[in-house]
Amino acid sequence: GSQIPAIDNPSALIDGPRRILTALWIQCLYLFKTLVPLTLSADYSYKQIPLVMTLADPRALLALLLAASAPYIAWRFPSFRTPILSYAILFSPTANILFPIGTIMGERLAYAPSLALALLLAILLARTRHWKSILLAAALLFGARTPLRNRDWLDPTNFYTALLHTSPNAAKSHYSFGVLLSSRGDDSSAITEYD
């Protein structure tokens with residue numbers, strides 16, 4: 001009975017355990033993309049992220065490992081409790097764990113939770129003698145990534161072309177690119193994208 005379109009969030013159509021398993025796997029993706037932002041996208045619609053449907057799926061193991069390790073680490077290492085709990089609280093409304101939302105994944109949803117992750121990394125960084133070098137390297141790498149990503153947002157052509165590269169399986173990426181092509185009079189190419 002979900003009112004959420006499957007094209008926006010296909011996990012809204014599956015039962016709770018599978019939706020939660022998929023959502024936990026997506027938390028692994030969020031963590032990876034926050035730490036290693038090589039491929040960022042504005043679209044994770046239908047078919048970009050396959051659903052985790054069984055425990056035999058290797059992604060299910062990683063998802064469950066993340067779900068089990070976070071409370072264990074918070075219990076075992078008191079200095080990590082605040083960032084781990086903050087991350088969970090900040091992500092809880094949009095993680096598709098408590099209830100399905102209008103998107104399966106969106107990097108914009110990770111902005112506030114990434115503050116908790118930054119706090120966790122700062123705690124780890126403070127424990128090393130080389131924190132200045134590590135912080136400088138991170139600032140340079142992440143700083144270099146920013147103008148590269150900003151180019152994707154210059155105009156509709158750059159934006160929709162980037163979507164096709166970063167989310168090649170997402171239905172809305174192809175549909176949106178088709179609309180752009182159609183607006184330019186290239187209906188035959190637009191139909192190919194719609195298909």
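Numbers given to residues run from 1 along each chain, matching the order in which its sequence is written. Thresholds applied to this predicted model are a pLDDT of at least 70 for local features of residues and 80 or more for the giving and counting of side-chain atom pairs; totals over whole chains, interfaces and linings are not thresholded and use all residues. Side-chain metrics rest on all non-hydrogen atoms present in the structure, leaving aside hydrogens and water.

J.: Give me the overall build of the chain: which residues, what numbers.
T.: Runs of E in the DSSP output that reach at least two residues are strands. Runs of H or I that reach at least four are helices, and both are numbered from the N terminus. For the chain, the helix and strand inventory stands at 8 helices and 0 strands. Its helices and strands taken in sequence order, the chain reads α-α-α-α-α-α-α-α from the N to the C terminus. With the principal axes as the frame, the chain shows a C-alpha extent of 60 × 45 × 25 Å. Expressed as a percentage of its 195 residues, the buried residues of the chain come to 36%. Should any heavy atoms of two residues lie within 4.5 Å, those residues are considered in contact. Sequence separation of at least 24 residues holds for 67% of the intrachain contacts in the chain that already meet a minimum separation of 6. Methods summary: accessible areas were calculated by the Shrake-Rupley approach with a probe of 1.4 Å, and residue burial reflects only the protein chains presented. On the chain, roughly 11,600 Å² of surface is accessible, and the fraction owed to carbon and sulfur atoms is 68%. Think of it this way: Lys and Arg go in the positive column, Asp and Glu in the negative one, and His and the chain ends go nowhere. Charge placement uses NZ in Lys and CZ in Arg. For Asp and Glu, CG and CD serve respectively. Across the chain, the centroid of the 16 positively charged side chains sits 19 Å from that of the 11 negatively charged ones. Relative accessibility thresholds used throughout: buried, under 20% of the residue-type maximum; exposed, over 50%; partly exposed, between the two (1.4 Å probe, protein chains only).

J.: Give me the lowdown on unusual backbone geometry, citing residues and values where you can.
T.: The backbone of Lys 47 shows a phi angle near 80°, a positive value even though the residue is not glycine. On the secondary structure map, Lys 47 appears in the loop between α1 (16-35) and α2 (58-76). In this structure, Asn 96 takes a positive phi of about 65° despite not being glycine.

J.: Lay out helix α6 (residues 156-166) with the relevant residues and their values.
T.: Buried residues of α6: Phe 159, Ala 162, Leu 163, Leu 164 and Thr 166, and no others. On its buried side, α6 packs onto α7 (171-183) and α8 (187-194). Any pair of N or O atoms that falls within 3.5 Å is considered a polar contact. Within protein, one atom must be able to donate a hydrogen and the other to accept it, and sequence-neighbouring residues count only if both atoms are side-chain atoms. Where α6 begins, the capping side chain belongs to Asp 155, and its oxygen is found 3.1 Å from the backbone nitrogen of Thr 157.

J.: I'd like to hear about a nonpolar patch on the surface, residue by residue, with values.
T.: Together, Phe 32, Leu 35, Val 36, Leu 38, Leu 121 and Leu 124 make up a nonpolar patch on the protein surface, roughly 550 Å² of accessible area in all. For the nonpolar patch, the secondary-structure elements that each account for two or more residues are α1 and α4 (111-125). The exposure class assigned to Leu 121 is partly exposed, which follows from its relative accessible area of 38%. Candidate patch residues must exceed 30% relative accessible area and have no salt bridge, after which like charges are joined if within 9 Å and Val, Leu, Ile, Met, Phe, Trp or Tyr side chains if within 5 Å. Salt bridges are counted wherever a side-chain nitrogen of Lys or Arg sits within 4 Å of a carboxyl oxygen of Asp or Glu.

J.: So what's going on with the pattern of salt bridges? Which residues, and what values?
T.: Counted according to the given criterion, the structure contains 4 salt bridges. In this structure, the salt-bridge partner of Arg 149 is Asp 152, at a minimum N-O distance of 2.8 Å. Relative accessible area serves as the criterion here: at 12%, Arg 149 is assigned to the buried category.

J.: Lay out the packing of aromatic side chains with the relevant residues and their values.
T.: Planes of paired rings set the category: under 30 degrees apart is stacked, over 60 is edge-to-face and the rest tilted, where pairs are Phe, Tyr or Trp rings (Trp by its six-membered ring) whose centres lie within 6.5 Å. Applying the stated criterion across every chain, the model contains 7 aromatic pairs. Considering the side-chain rings of Tyr 30 and Phe 91, the 4.6 Å spacing of their centres and the 45° angle between planes classify their relative orientation as tilted. Remark: Phe 91 occurs in helix α3 (residues 81-91) and Tyr 30 occurs in helix α1; sequence separation between them is 61 residues. Per residue, the accessibility class of Tyr 30 equals that of Phe 91, and both read buried.

J.: Before we move on, could you go through α3 and cite the residues and values that matter?
T.: Three- or four-residue spacings in an α-helix give side chains the same orientation, since the helix completes a turn every 3.6 residues. Considered for burial, the residues of α3 that qualify are Pro 83, Ile 84, Tyr 87 and Phe 91. Take α3 and look down its axis: the buried residues cluster within an arc of 100°, on one side only. For α3, the exposed residues set more than 90 degrees away from the buried face come down to Leu 85 and Ile 89. Taken together, the buried residues of α3 touch α1, α2 and α4. Working definition: the arc comes from the directions between the helix axis and the C-beta atoms, pointing outward to the latter.

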